[in-house]
Amino acid sequence: HLGNETLKAELGRASWKLLHTTLARFPESPSADERAALAQYLALFARLYPCGECAGHFQKLLKEYPPQTSGRKAASQWGCFVHNLVNERLGKEVFDCMMVGEAYKCGCAEEDEKGKG
Ligand code: FAD
């Protein structure tokens, strides 16, 4: 059904945007507590993702490739990597992970201070 496919794609785009932006803002040197929070956030994201078929695939992916929580760079690259695995499964183009730092801005404080945003 075309309508359902459109809705699923819209949900996917919004979700990836939030996920990549969250990872792009994760601390460069996270505390143990922040690292645990990210791991839990991602596990619950995968568990509660509203498209059940997608959630099932993504939970398997997380098992095979556990989230990298050591810092912003590792976390962002991990996010790009797993999104690319989903892209491949769906027959989509692979994204260049060198671009992931630049691609996800939130328009919030830390960026503003550096004159970026
Ligand atoms: P999207 O894949 O939504 O990407 C949006 C934008 O992000 C792209 O235009 C590009 O600018 C950028 N981008 C692309 N790749 C990367 C990357 N590797 N790193 C950073 N940025 C990137 N759909 C299904 O039909 N079946 C599924 O099983 C399924 N599982 C999903 C699981 C999860 C966890 C999520 C979040 C979504 C899932 N989706 C699934 C939706 C699917 O991944 C797409 O979001 C949807 O098909 C729309 O695709 P799109 O081509 O617009 O680009």
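For the structure given in this document, a descriptive report is provided here. (Residues numbered from 1 in each chain as written. Predicted model: local features only at pLDDT ≥ 70, side-chain atom pairs only at ≥ 80, totals over all residues. Heavy atoms only, no water.)

### Remarks on the overall build of the protein
Part 1 of the reasoning: Within the protein one finds 6 helices and 0 strands.
Part 2 of the reasoning: Start at the N end of the protein and walk to the C end: the helices and strands fall as α-α-α-α-α-α.
Part 3 of the reasoning: Radius of gyration (C-alpha) of the protein: 15 Å, near the 13 Å computed for a compact globule of 117 residues.
Part 4 of the reasoning: Projected onto its principal axes, the C-alpha coordinates of the protein cover approximately 45 × 30 × 20 Å.
Part 5 of the reasoning: Counting only residues that meet the buried cut, the protein has 32% of its 117 residues in that class. (Helix = DSSP H or I, 4+ residues; strand = E, 2+ residues; numbered from the N terminus. Rg over C-alpha atoms; globule rule 2.2 N^0.38 Å. Buried < 20%, exposed > 50% of the residue type's maximum accessible area, 1.4 Å probe, protein only.)

### Notes on the site of the ligand
Part 1 of the reasoning: Every one of the 24 residues lining the ligand counts as a neighbour, but R13, W16, C80, H83 and Y104 are closest to it.
Part 2 of the reasoning: At a separation of 2.8 Å, an oxygen atom of the ligand approaches a polar side-chain atom of H83.
Part 3 of the reasoning: In the complex, the protein chains occlude 81% of the 940 Å² of accessible area that the ligand would expose alone.
Part 4 of the reasoning: Taken atom by atom, the bulk of the ligand overlaps the largest pocket.
Part 5 of the reasoning: Mapped onto the shell around the ligand, the elements with two or more residues apiece are α1 (2–24), α3 (52–64) and α4 (72–89).
Part 6 of the reasoning: If you tally residues by element for the shell around the ligand, the top one is α1, at 7 residues.
Part 7 of the reasoning: Of the residues contributing to the shell around the ligand, the split by class is 12 nonpolar, 7 polar and 5 charged. (Near = heavy atom within 4 Å. Polar contact = N/O pair within 3.5 Å; in protein donor to acceptor, adjacent residues only side chain to side chain. Areas by Shrake-Rupley, 256 points an atom, 1.4 Å probe, with all protein chains shown as cover. 1 Å grid on protein atoms, 1.4 Å probe; cavity = no way out; pocket = protein on both sides within 12 Å on 5 of 7 lines; lining within 4 Å. Sits in = over half its atoms within 2 Å of the grid points. Nonpolar A, V, L, I, M, F, W, Y, C, P; charged D, E, K, R; others polar.)

### Let's talk about the nonpolar core
Part 1 of the reasoning: L19, L23, L38, L42, F58, L62 and W78 are the most contacted members of the largest nonpolar core, which has 18 residues in total.
Part 2 of the reasoning: For this core, the elements supplying multiple residues, two or more each, are α1, α2 (32–48), α3 and α4.
Part 3 of the reasoning: Beyond its immediate stretch of four places on either side in the chain, F58 contacts W16, F45, A46, V82 and V86.
Part 4 of the reasoning: With 5 residues, the next largest nonpolar core counts C80, C97, V100 and Y104 among its residues. (Core = buried A, V, L, I, M, F, W, Y, C linked by side-chain atoms within 4.5 Å. Contact = heavy atoms within 4.5 Å.)

### Quick notes on the layout of surface pockets
Think of a ball as big as a water molecule: rolled over the atoms, this probe shows where empty space is left.
Part 1 of the reasoning: Counted as a void, the largest pocket has a volume near 570 Å³.
Part 2 of the reasoning: What lines the largest pocket is a set of 20 residues, and nearest its centre among them are K8, G12, W16, V86 and L90.
Part 3 of the reasoning: Looking at the lining of the largest pocket, the elements that each hand over two or more residues are α1, α3 and α4.
Part 4 of the reasoning: When residues in the lining of the largest pocket are grouped by element, the largest group, 7 residues, is from α1.
Part 5 of the reasoning: Split into classes, the residues belonging to the lining of the largest pocket amount to 9 nonpolar, 5 polar and 6 charged. (Points joined across faces, edges and corners; volume = space filled by probe spheres on them.)

### Points about the state of the cysteines
Part 1 of the reasoning: Scanning all chains against the criterion turns up 3 disulfides.
Part 2 of the reasoning: In this model C80 forms its disulfide with C97; the gap between the sulfur atoms is 2.0 Å. When the S-S torsion is -90 degrees, as for the bridge of C80 with C97, the disulfide is left-handed. One end of the pair, C80, is in helix α4; the other, C97, is in the loop between α4 and α5 (100–103), with 17 residues separating them in the sequence.
Part 3 of the reasoning: Looking at C80, the relative accessible area reads 1%, which means it is buried. (Disulfide = S-S within 2.5 Å.)

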